[in-house]
Amino acid sequence: MRCGIGYDTHRLVEGRKLILGGIEIAAPRGLLGHSDGDVLTHAIADALLGAAGLGDLGQHFPDTDPRWKDSNSLKFLEVIRNLLSEKGFRILNIDSVVVLDEPKLAPHISRMEGTLAMALGMNPPALSVKAKNTEGAFGDPATVAAAHAVALLAAG
Ligand code: MG
């Protein structure tokens with residue numbers, strides 16, 4: 001068994017859609033990034049790559065590559081899913097935390113879990129998303145959002 005950790009942060013800005021865990025959430029501000037800025041999906045992707053010893057997201061999907069401009073980050077998970085399968089890894093479980101004050105994520109958690117699990121070919125109960133409020137520690141309104149993830153893989 002192999003575990004991996006992933007972390008990501010993106011700036012919250014006006015004029016961008018808020019995409020988290022592969023779904024669009026109504027919000028006055030969204031995450032700035034070369035891709036869709038989906039901080040949660042990026043943290044999960046890095047946890048999976050790290051667990052498999054396959055480098056990091058930036059190596060596989062460079063932000064200088066026009067192919068990934070405004071890209072749906074679920075595509076990254078689909079590529080990683082195939083890579084893990086080719087290398088003989090099976091995903092046992094993923095746990096994650098999104099750090100964001102507004103909007104409240106509780107109503108969206110199960111849809112994020114279902115969307116991410118489907119992109120990775122996992123049973124939804126094996127993929128957990130939690131939301132953590134900073135109570136203004138990231139600014140008021142917050143200027144960034146962050147996500148942490150861990151992944152456990154079975155090898156061979
Ligand atoms: Mg990122």
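Preceding block: the structure.
Owing to the predicted nature of the structure, the values given are computational and were not obtained by experimental measurement.

Every protein donor of the magnesium ion is listed here as Asp8 (OD), His10 (NE2) and His42 (ND1), and their distances to the metal cover 2.0 to 2.2 Å. Counting along the primary sequence, the residues that act as donors to the magnesium ion give the motif D-x1-H-x31-H. One end of the pair, histidine 10, is in strand E1 (residues 2-14); the other, histidine 42, is in helix H1 (residues 39-52), and 32 residues separate them in sequence. Accessibility classification places histidine 10 together with histidine 42 in one group, the buried group.

A cis amide bond links glutamate 102 to the next residue, proline 103, at an omega of -5 degrees. Among the secondary structure elements, proline 103 is positioned in the loop between strand E5 (89-99) and helix H4 (109-120). Between aspartate 140 and the following residue, proline 141, the backbone shows a cis peptide bond with an omega angle of 5 degrees. Positive phi, close to 55 degrees, is recorded for aspartate 70, a residue that is not glycine. Along the chain, aspartate 70 falls in the loop between helix H2 (57-60) and helix H3 (74-86). Given the relative accessible area of 46%, aspartate 70 is considered partly exposed.

The rules behind the values
Residues numbered from 1 in each chain as written. Predicted model: local features only at pLDDT ≥ 70, side-chain atom pairs only at ≥ 80, totals over all residues. Heavy atoms only, no water. Donors = N, O, S within 2.8 Å, 3.2 Å for Na, K, Ca; no water. Helix = DSSP H or I, 4+ residues; strand = E, 2+ residues; numbered from the N terminus. Buried < 20%, exposed > 50% of the residue type's maximum accessible area, 1.4 Å probe, protein only.

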